[in-house]
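Understanding the architecture of this molecule
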Amino acid sequence: MSEYLIELKNISKRFGGVHALDGVSMGIRPGEIHCLAGENGSGKSTVIKVMSGIYTPDAGEILIDGKPVDRLDPIAAVHNGVQVIYQDFSLFGNLTVAENLALNTYLLEGRGRMDWHRARKMAREVLTRLDVAIDVDAEVETLPTSGKQIVAIARAILAEARLIVMDEPTTALTGHEVDALFTIVRDLQARGIAILFVSHKMREMLEISERLTVFRNGRKVAEGAMSSFDEPAITHAMTGLEIDEETYTPDIPSESQPALEVQGLSVPGHVDNVSLSVRPGEIVGISGLIGSGRTEFAQALFGMENATAEAFRIAGVDAFPHSVQDAIAHGIAYVPEDRLSEGLFLTQSIERNMVVSILERLRRGLFLDRDAMRRKTEEMFASMQIAAPSPETAVGNLSGGNAQRVMLGRWLLTGAKVLILNGPTVGVDVGSKAKIHHIIRDLARKEGVAVLMISDDVPELTGNCNRIHVMHEGRFVAEFSSTAMTEDAINDSLKALK
Amino acid sequence: MKRFQSTEAVIALVLLTVMVLIGLVNPAFWGVANLFSLAKANVVIGIMALGVLLIMISGGIDVSFPAISAAALYITVRTMVALDYDGVLLPFIAASVIGVLLGAFNAFIIDRFKMIPLIVTLGTASIIRGLVLGLLGTSIVNINKMPDALIEFGKQDLTTVTAQNGATVGLTAMILVYLAIALVIHVVLRHTMTGRSIYAYGDDMESARRAGVNTRRTIFFVYCTAGLLAGFAGLLHSSMIWQANPRDFIGLELDVIAAVVLGGASIFGGRGSVLGTMIGVFTLVMVKNSLILMKVDTTWQRVVVGVIIVAATAITAWRDRKKLA
Amino acid sequence: MSAKAEEKPLLRRLLGSDASIAQLAVITLVIFVLMAAMNPDKFLRYYNFESITYIMPELGILCIAMMVAMLTGGIDLSIVAIANLAAITAGVYFRHPVVAEALDAGGLALVLHTAMGVTIALLVGLAAGLVNGLLISRLRIIPILATLGTGQIFSGLALVLTGGPAIVGFPETWNWIGTGKLLGVAAPFWVLILVAAVVAILLRRTHLGVNLMLIGTNARAAVFAGIRSSRMILYSYALTGVMAAIAGILLSGRTNSAKADFGASYLLQAVLIAVLGGTNPAGGKGRVLGVLLALVALMFLSSGMQMMRASNFMIDAVWGAFLVLVIAINYLRSSK
């Protein structure tokens, strides 16, 4: 018998010219809690897809229980007890909890009949085992995120998982819910099920995992028992950089007029009476969990929500945005969280992606002023240092970092004075990340743009902001500035949220 | 499941309100003769709607089923006339098989070439209609040439009553065929893994694949069954009106899709039920038939049907608006 | 430098940087050669091409209208109904006793009333298009269902206006639009060229056109980028409605009649040609040039087949098969 439940040996996988995985070896032992860490683009998600049989590696060997598997397809992976819980959970919102739980099992058993009675019974049993109270007849789309996650875990258990892979499982959970999840995970471990956590949140890794594997740029750069790592060591392994202790300290005259000043902003059900003031040159961070109202707050500033405010001033002038067009006209810009679905027009050119928000201003009579359009695009293309053959290139062909720079370029063209960034470096590789941070800091320092940065990535906030608010249940619950603004302090504050 | 029931309850409530209103305008609505003819008018369109329901739950749409129905009935009847064959069972099997084959053609193109179903079925409808009319001709097979057994089959009544004016009106036995098919589809959708796979596929194709749903089989099942029902309904229609017209059902796709949407199915897939669809079909058929009773000029019929489609879809759009946001 | 930058895309545009345009040009050419070879004496006659220039424009304009609706990922299934309703409304206007009298008098009144009729038809098209646009952009009804419903309403209204039979006897000036000649070329053909040019310029050179493409590429991102999406979508359906009305004018002018259920097969053909012409029915991609090429290809195909005495039904079947074939080719090409 092998030491490992599943073992990858020298796995490589290329997409086009990119080595997503380059000779990676790793193993997971039965019943261990293992953490796979790495920045975005490090190959974490590729390796999950190799383990679950969705991708066939170009080279290398997969062993399960010590025996080589020549072709691991999704069905074979399931038969071998590998279950993946993706970030979107892959549940069916239109079906009940019981049915979601039974579906995989029934399909696996090759059943023809949908046995509702047994489905409910199975569901009740497994949910009782997990010690949670969820109505098995509720439609899944009516459950909160933590409920959906539990259903996804229960489904994996029912499929007789021996290894459950969880992709960024804590992103949407409150500190309290994370504790509950960890209790369940330890319980699973006690039953001999191995867990592979895929995450970039260090604190959680240190708390729950026994062993750690770190990826960077498609290669394994570190592995070992968790006890042999501390936070700086993990960060160093993930980024390849020494932690930059330098923080952003702008030199702002304290009497200068705020670029953005909001008082008592509320969005029914999401944001409750929030006040905020950002001066030119400031970079203010907002931390908080998904569902804390941070995105709704940002979208309200951008005129997208049905919001009310006691006061809303841009550079001292009343400017409540009733629509996105209003917000843009007032010099507010918003880079959304999900760049692919909310930000970019993938099949369209860089040029069109950049000028989209100033098209109205590029009109000369009935027509678009194509010379001005080209001139502006080329300027921004150069100053954002976008690596692409020409502005005609479709944005879909760009890397995450370049694509994000196209987004920044779009907003700079509008002459934005208030820049709201929601997850500015999500899905961006390490090198590009530093470049984007540099651009953002330059904008604030040299151009006097007021920046509001929302991020899950606490080091990103502490490294770039001069002030950080923690948001929870629609309110700002804590504020940190200068010396008090350490990663530990903010993490503790997030952890305390219920 | 509660939500399904509540959707159906709403539609049923709308239906009842409309019935009461029509009854107030013209009490003849509640006459046995009218109710029997209403029931009869539900059969063919209802069977087709059940096929469309399956497709809509899977997230697709089909505008080729009227062409499939017409092709199945005309090919079958013309063959029967040519061979001088008289019978019931074999022809219905033949019509159903024709429907399955044509449905499989739709499924093949949709699955293999990943093209949106609306465009594919527009194309196949054109091919099917064109070939049938072009190769077999356009002449209608009338009652004098129609196979007797088919006519006899379609003529059967469950019960007859004598109306006040002395004419006898019957409740067609074909309503049983419709109800039986509806029951089968209901059981398939609700109590088989095939049926549940359609709901899963319609909600999220990628997750369905991850869960182990055979997506190709699901697509083929859905379009072949819809084809089968269309083919069967086509011949049934023919035997009920005692003639075979290759140009039948032109434009019927609008009515049927409207009825299914009215019955609570979501055009985005994942939602819809047999009971809801049957109520939707009944409502549409009833409103169309009742316009005459309510002394609305027949030229206005289309306008009214159009308004119903728009209103029904506006309501479902409002219901689904969260999904779009 | 700027001249060069201008030159390169232009050259590419003509040669077809878009592979689908090149592919279409080849298909059109193959069909042309094939049909010419199969009907050596008839196909290449001047008369054949001339008659195509009379028949093609009404369908061509409907196809461009369909393409515009598809740019934002929508579809307009009511265009033929709008075309008929517009023509019938104008016909009803001409039948009005006062107008009819003036028309009989001829002269300037004839021209003025025809202009009035055209205006009425275009306004009907605009109104119908706005109804579609409002249902789709404000009430968020999905385009297939919205236009399916309004198509019924529009053709129903046309039926109510005529009571069933066709309206005949349009003024001769009206009929000239469908049958006349200008500078030796069919008048309707000029209309097609005009509409095609206007739409092509609109799509490439105006912010409306660029916005429609962007909305079709990613509707959600369009909202975040500050595009006035619902207004743009409203405009696009209004434009589609006006184009449908123009097609209605040409159709009634050519046949000197208007009826609620004329040209029913045009709907399918318009979808087909738009898709053949490289329009992505999911939105974000579509070009007038592609649509025109596909139109010409199918016109050659059906005129050649008619010469071979194929029935109209068989031609319909071939068109459908053509659509499926092109779907297959596009899929295989894109998956390479």
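Please read these numbers as outputs of a predicted model, since none were measured by experiment.

Another point: the overall build of chain A. Each helix and strand counted, chain A has 17 helices and 22 strands in total. Over its C-alpha trace chain A gives a radius of gyration of 24 Å, about what one expects of a compact globule, namely 23 Å for 498 residues. For chain A, the spread of C-alpha atoms along the principal axes amounts to about 70 × 50 × 45 Å. Going through the 498 residues of chain A one by one, you find that 58% of them count as buried. Expressed as a percentage of contacts within chain A between residues at least 6 apart in sequence, the contacts between residues at least 24 apart total 67%. Of the accessible surface of chain A, which amounts to about 20200 Å², a share of 49% is contributed by carbon and sulfur atoms. Charge separation in chain A, taken as the distance between the mean sites of 50 positive and 67 negative side-chain charges, equals 4 Å.

Next up on the list: the domain arrangement of chain A. Residue and element names in this part refer to chain A. For chain A, the assigned domains read domain 1 (6-239) and domain 2 (260-495). Taking only C-alpha atoms, the centre of domain 1 and the centre of domain 2 are 33 Å apart. Tallying the contact residues gives 13 residues for domain 1 and 17 residues for domain 2. Summing both partners gives a buried area of about 1200 Å² for domain 1 against domain 2, and 52% of it is carried by carbon and sulfur.

This paragraph deals with the packing of aromatic side chains. Taken as a whole, this structure holds 18 aromatic pairs over all chains when the rule is applied. The rings of Phe-302, Tyr-334 and Trp-411 of chain A together with Phe-224 of chain C are connected pair by pair, giving a single aromatic cluster. Looking at Arg-196 of chain B, its charged tip hangs above the ring of Tyr-199 of chain B, at a distance of 4.5 Å from the centre.

This next bit is on the nonpolar core. Core analysis: the biggest nonpolar cluster contains 363 residues, and Ile-164, Phe-297 and Leu-419 of chain A together with Ile-273 of chain C have the highest contact counts within it. No other element matches the 16 residues that helix 2 (residues 32-57) of chain B contributes to this core. Shared between two domains, this core holds at least three residues of each, these being domain 1 (6-239) and domain 2 (260-495) of chain A. If near-sequence neighbours (up to four positions away) are discounted, Leu-419 of chain A is found in contact with Ala-333, Val-335, Leu-408, Trp-411, Leu-443, Val-449, Ala-450, Val-451 and Leu-452 of chain A. Leu-5, Ile-62, Leu-72 and Val-82 of chain A belong to the second largest nonpolar core, which has 27 residues in total.

With that settled, consider the pairing of strand 21 (residues 467-472) of chain A. Residue and element names in this part refer to chain A. Where burial is concerned, most of strand 21 is hidden: six out of the six residues are buried. Burial along strand 21 is two-sided: the residues Arg-467, His-469 and Met-471 and Ile-468, Val-470 and His-472 are all buried. As defined by bridge partners, strand 13 (residues 283-288) adjoins strand 21 across five bridges and the pair is classed as parallel. Considered in strand 21, the bridge of Ser-287 is made with Val-470. Relative to strand 22 (residues 475-481), strand 21 runs antiparallel, the two being bridged by six bridges. Across the sheet, residue His-469 finds its bridge partner in strand 22, namely Glu-479. Between strand 21 and strand 22, which follow one another and run antiparallel, lie two residues, and Glu-473 among them has a positive phi close to 45°.

Where the parts come together, the accessible area they lose is often given as the size of the interface. The partner chain B presents 41 residues to the 39 residues of chain C that form the contact. Summed over both partners, the interface of chain C with chain B comes to about 3500 Å²; 83% of that surface belongs to carbon and sulfur atoms. If you sort the residues of chain C by the area they bury against chain B, Leu-145, Gln-152 and Phe-313 of chain C come out on top, with a joint share of 18%. Scanning the region where chain C abuts chain B turns up zero salt bridges. In this structure, the connection of chain C to chain B is made through two residue pairs in polar contact (both at pLDDT 80 or more).

What follows covers a nonpolar patch on the surface. On the surface, Leu-83, Tyr-85, Leu-89, Leu-90, Ile-93, Val-97 and Leu-101 of chain B cluster together to form a nonpolar patch covering roughly 720 Å² of accessible area. Among the secondary structure elements, Val-97 of chain B is positioned in helix 4 (residues 89-113).

So, on to the interface of chain B and chain A. In this assembly, 22 residues from chain B lie in contact with 23 residues from chain A. Counting each side, the surface lost to burial between chain B and chain A is near 1900 Å², with a carbon and sulfur contribution of 52%. Its largest share of buried area at the contact with chain A, chain B owes to Met-193, Arg-210 and Ala-211 of chain B, together 33% of the area lost on that side. The interface formed by chain B and chain A holds four salt bridges in total. We note a salt bridge from Arg-196 of chain B to Glu-99 of chain A, for which the minimum N-O separation is 2.3 Å. Connecting chain B to chain A are ten residue pairs in polar contact (both at pLDDT 80 or more). By residue number, the principal contributor to the side of chain B that touches chain A is helix 8 (residues 193-203) of chain B, which donates six residues.

Residue and element names in this part refer to chain A. The mixed open sheet is built from six strands, whose spatial order is 6-7-8-3-9-10. Both edges of this open sheet fall to strand 6 (82-85) and strand 10 (219-225), since each of them pairs with a single strand only. Direction aside, the axes of adjacent strands within the sheet are offset by 15° on average. The pairing of strand 7 (residues 163-167) with strand 8 (residues 194-199) spans five bridges and is classified as parallel.

To continue, consider the pattern of salt bridges. This structure, assessed with the given rule, holds 34 salt bridges over all chains. Across the pair Glu-223 of chain A and Lys-220 of chain A runs a salt bridge whose closest N-O atoms are separated by 2.9 Å. Exposure remark for Lys-220 of chain A: the relative accessible area of 29% places this residue in the partly exposed category. A salt bridge links Arg-220 of chain C to Glu-342 of chain A; the shortest N-O distance between them is 2.7 Å. Separated into two different chains, Arg-220 of chain C in helix 11 (residues 219-224) and Glu-342 of chain A in helix 11 (residues 339-343) make up a pair that spans both. According to the relative accessible area criterion, Glu-342 of chain A is buried, its value standing at 11%. Here the salt bridges share partners, and the residues they tie into one network are Glu-109, Arg-111 and Arg-118 of chain A.

What follows is about the packing of helix 4 (residues 79-95) of chain C against helix 6 (residues 108-137) of chain C. All names here are of chain C. Put simply, helix 4 and helix 6 touch, their axes get as near as 8 Å, and they point 145° apart. Every pair of crossing elements has a handedness; the one defined by helix 4 and helix 6 is right-handed. Contact residues: Ile-82, Leu-85, Ala-86, Thr-89, Ala-90, Tyr-93 and Phe-94 in helix 4; His-113, Thr-114, Met-116, Gly-117, Ile-120, Ala-121, Val-124, Gly-125, Ala-128, Gly-129 and Asn-132 in helix 6. Grouping the constituent residues of the contact of helix 4 with helix 6 by class yields eleven nonpolar, seven polar and no charged.

Low pLDDT marks stretches whose predicted atomic positions should not be read closely. Residues and elements named next belong to chain B. Per-residue confidence for chain B averages 87 on the pLDDT scale, and 95% of its residues sit at or above 70. Taken as a whole, residues 1-5 scores under 50 in pLDDT and shows 18 contacts with residues more than four places along the chain or in a different chain. Model confidence for the complex: the whole-complex pTM is 0.84, and ipTM, which rates the interface, is 0.82.

Attention now moves to the side chain of Ser-266 of chain A. All names here are of chain A. Within the secondary structure, Ser-266 sits in strand 11 (residues 260-267). Here Asn-273 takes part through its backbone nitrogen, which lies 2.8 Å from a polar atom of the side chain of Ser-266. Aside from chain neighbours lying at most four places away, what touches Ser-266 is Val-271, Asp-272, Asn-273, Asn-306, Ala-307 and Thr-308.

Attention shifts here to helix 9 (residues 187-205) of chain C. Its 19 residues place the ends of helix 9 of chain C 27 Å apart at the C-alpha level, agreeing with the 27 Å of an ideal helix rising 1.5 Å per residue. Looking at helix 9 of chain C, one finds that the buried residues are Ala-187, Pro-188, Phe-189, Leu-192, Val-195, Ala-196, Val-199 and Leu-203 of chain C.

This next bit is on helix 5 (residues 145-158) of chain A. Structural remark: α-helix, 3.6 residues per turn; residues separated by three or four positions point the same way. Residues and elements named next belong to chain A. With 14 residues, helix 5 extends 20 Å between its outermost C-alpha atoms, agreeing within 8% with the 20 Å of an ideal straight helix rising 1.5 Å per residue. Within helix 5 the residues assigned to the buried category are Ser-146, Gly-147, Gln-149, Ile-150, Val-151, Ala-152, Ile-153, Ala-154, Arg-155, Ala-156, Ile-157 and Leu-158. Positioned one or two residues after helix 5, Glu-160 has a phi angle of 55°, which is positive.

All names here are of chain A. The strand order across the open sheet built from four strands is 12-11-14-15, with neighbouring strands paired in antiparallel fashion. Sheet topology places strand 12 (271-278) and strand 15 (317-318) at the edges, where each strand pairs with a single neighbour. The sheet contact formed by strand 11 and strand 14 (residues 311-314) spans four bridges and is antiparallel. When the bridges of strand 14 are listed, Leu-260 appears paired with Ile-314. Running at roughly 120° to strand 11, helix 9 (residues 294-301) makes contact with strand 11, strand 12 and strand 14 of the sheet.

The rules we used
Residues numbered from 1 in each chain as written. Chains lettered and ligands numbered in written order. Predicted model: local features only at pLDDT ≥ 70, side-chain atom pairs only at ≥ 80, totals over all residues. Heavy atoms only, no water. Helix = DSSP H or I, 4+ residues; strand = E, 2+ residues; numbered from the N terminus. Rg over C-alpha atoms; globule rule 2.2 N^0.38 Å. Buried < 20%, exposed > 50% of the residue type's maximum accessible area, 1.4 Å probe, protein only. Contact = heavy atoms within 4.5 Å. Areas by Shrake-Rupley, 256 points an atom, 1.4 Å probe, with all protein chains shown as cover. Lys, Arg positive; Asp, Glu negative; His and termini not counted. Charge placed at Lys NZ, Arg CZ, Asp CG, Glu CD. Domains from an automatic or database assignment. Buried area = accessible area lost by both parts, 1.4 Å probe. Phe/Tyr/Trp six-rings, centres within 6.5 Å; stacked < 30°, edge-to-face > 60°. Lys NZ or Arg CZ within 6 Å of the ring centre and 35° of its normal. Core = buried A, V, L, I, M, F, W, Y, C linked by side-chain atoms within 4.5 Å. Pairing = 2+ DSSP bridges. Salt bridge = Lys/Arg side-chain N within 4 Å of Asp/Glu carboxyl O. Polar contact = N/O pair within 3.5 Å; in protein donor to acceptor, adjacent residues only side chain to side chain. Patch = residues over 30% accessible without salt bridge, like charges linked within 9 Å, V, L, I, M, F, W, Y side chains within 5 Å. Axes fitted to C-alpha atoms, helices over the stretch in contact; angles between N-to-C directions. Left-handed = near helix turned anticlockwise from the far one by under 90°. Nonpolar A, V, L, I, M, F, W, Y, C, P; charged D, E, K, R; others polar. pLDDT = per-residue confidence, 0-100. Expected span 1.5 Å × (residues − 1).

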